[in-house]
Amino acid sequence: FPPPDVPRKKASASLSELTHENINSQCYGGKASICIMALLSSEVEGCPAAFSDLAWRHRNDAMHFGWVRASRQTDFLAAFSLKAAQLPLLIAVRAGKRSRFALLKGPFDADRMIGFVERILGGDMTFSRLQQLPDLEPPALLDSDDDVDQEAASEDEPVKSEL
């Protein structure tokens, strides 16, 4: 058979920063069946290059890739039985009637991340049950928590009165 006159359409990589506003539409409710998230500390700016390359490599698969600045998202991490000290992590969430997740702990090595995604696509990955899909806190609430903590700390200090 001769090759088609129109070349195959290249899909763009589905990669974005996940926030309170877009996690439900981009990750949990999108057309992709699996969401691969890089959970990063808040100090990291942007997406790691190895994770971006992974998203580009699997741009034609039914997956969405996103990164989350998760070190201050304690409720989000607690849903996966994680703590901020364990970051960075790669997590795969399969949303649906029975939501499930799988973790890849350790450094963001390209070979390890590729193997992780290949095991998911090949059906070799063991997923753990997720009771409820966690949501991210909006930045305004995260900032207000710090203000409340600082106010509470200042209230604990004794007030010196001048006589």
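You'll find the structure just up there.
An account of the accompanying structure is given in this report.

Here is what the cut-offs are and how they apply
The residue numbering used here restarts from 1 in each chain and proceeds along that chain's sequence as written. Under the rules for a predicted model, residues below a pLDDT of 70 receive no local features and side-chain atom pairs below 80 are neither given nor counted, while totals for whole chains, interfaces and linings still include all residues. Values reported for side chains reflect all heavy atoms of the structure, with hydrogen atoms and water molecules removed beforehand. A run of DSSP states H or I qualifies as a helix once it reaches four residues; a run of E qualifies as a strand once it reaches two. Both are numbered from the N-terminal end. One fewer than the residue count of a helix, multiplied by 1.5 Å, yields its expected span. When a residue's accessible area, from a 1.4 Å probe over protein chains only, is under 20% of the maximum for its type it is buried; when over 50% it is exposed; and in between it is partly exposed. This arc is built from the directions going out from the helix axis to the C-beta atoms. Residue contacts are counted whenever heavy atoms from the two residues lie within 4.5 Å of one another. Convention adopted: a line fitted to C-alpha atoms gives each axis, helices being fitted over their contacting stretch, and angles between N-to-C directions are expressed from 0 to 180 degrees. Whether a crossing is left-handed or right-handed is set by the direction in which the near helix is turned from the far one by less than a right angle, anticlockwise for left-handed and clockwise for right-handed. Residues are grouped as follows: Ala, Val, Leu, Ile, Met, Phe, Trp, Tyr, Cys and Pro are nonpolar; Asp, Glu, Lys and Arg are charged; all remaining types, including Gly, are polar.

1. A closer look at helix α4 (residues 110-122)
Now for step 1: The end-to-end C-alpha distance of α4, which contains 13 residues, comes to 18 Å, matching closely the 18 Å that a straight helix rising 1.5 Å per residue would cover.
Now for step 2: For α4, the set of buried residues is Met-113, Phe-116, Val-117 and Ile-120. Buried residues of α4, seen end-on, are gathered within an arc of 90 degrees and therefore sit on one face of the element. Within α4, the exposed residues directed more than 90 degrees away from the buried face are Asp-111 and Gly-122.
Now for step 3: Residues of α4 that are buried sit in contact with β2 (34-40), α2 (49-57), β3 (63-69), β4 (89-94) and β5 (100-105).
Now for step 4: Backbone geometry just after α4 places Gly-123 at a positive phi near 85 degrees.

2. Describing the packing of α2 against α4
Now for step 1: Contact geometry of α2 with α4 gives a least axis separation of 10 Å together with a crossing angle of 35 degrees. With respect to the hand of their crossing, α2 and α4 are arranged in right-handed fashion. Across the interface between the two elements, Ala-50, Phe-51, Leu-54 and Arg-57 of α2 pack against Met-113, Ile-114, Val-117 and Glu-118 of α4.
Now for step 2: Partitioned by chemical class, the residues of the contact of α2 with α4 number 6 nonpolar, no polar and 2 charged.

None of the figures reported here should be taken as evidence of function without further support.
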